[in-house]
Amino acid sequence: MKEVLERRFLNDLSAPDLVVVDGGKGQLSQVELIFGELGINDIEYVGLAKARTKRDFKSSEVESSLERIFKPGQKNPILLKPSTGAYRVLTQLRDESHRFAIAFHREVRDKKSLGFKPK
């Protein structure tokens, strides 16, 4: 994460309005440390954590939570209801970033298996 954030903010002059990190409190605290090292204090950032699902093998009931947004300095997350526009935008953003990362890693893996070096 440090490498990606450093590459993005040290080489690009345009600053986004919001940085969305895939993950909860742990990932958010890393962004806070990295932004501190880079001297960035005017960009908002949040962590988007997936809904949790708990299932007890003894019971047929499944407990699940909502998607959660973590903000720095805020103890409790903001819960996203599935019927909202924010939910759709943020979950599609996360799903697209996952798709992109998986496709990239598959390409690297395939090139390695064929004896090519990745770019």
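What comes next is a walk through the structure.

**A closer look at the overall build of the chain**
Item 1. Within the chain one finds three helices and six strands.
Item 2. Buried residues in the chain amount to 22% of all 119 residues.
Item 3. The contacts in the chain between residues at least 6 apart in sequence include a share of 47% that link residues at least 24 apart.
Item 4. Summed over all atoms, the accessible surface of the chain reaches about 9,400 Å², with 53% contributed by carbon and sulfur.

**Structural notes on the packing of aromatic side chains**
Item 1. As enumerated under the stated definition, the model contains two aromatic pairs in all.
Item 2. Ring geometry for Phe-35 and Tyr-45: centres 5.3 Å apart, planes at 80 degrees, overall edge-to-face. Placement of the pair is Phe-35 in helix 2 (residues 25-38) and Tyr-45 in strand 2 (residues 44-49), with a sequence separation of ten residues.
Item 3. Residue classification places Phe-35 among the buried residues on the basis of a relative accessible area of 2%.
Item 4. Taken together, the aromatic side chains of Phe-9, Phe-35 and Tyr-45 make up a single cluster linked through ring pairs.
Item 5. The aromatic ring of Phe-9 is capped on one face by Arg-8, whose charged end is 5.0 Å from the ring centroid.

What counts, and where the lines are drawn
Residues numbered from 1 in each chain as written. Predicted model: local features only at pLDDT ≥ 70, side-chain atom pairs only at ≥ 80, totals over all residues. Heavy atoms only, no water. Helix = DSSP H or I, 4+ residues; strand = E, 2+ residues; numbered from the N terminus. Buried < 20%, exposed > 50% of the residue type's maximum accessible area, 1.4 Å probe, protein only. Contact = heavy atoms within 4.5 Å. Areas by Shrake-Rupley, 256 points an atom, 1.4 Å probe, with all protein chains shown as cover. Phe/Tyr/Trp six-rings, centres within 6.5 Å; stacked < 30°, edge-to-face > 60°. Lys NZ or Arg CZ within 6 Å of the ring centre and 35° of its normal.

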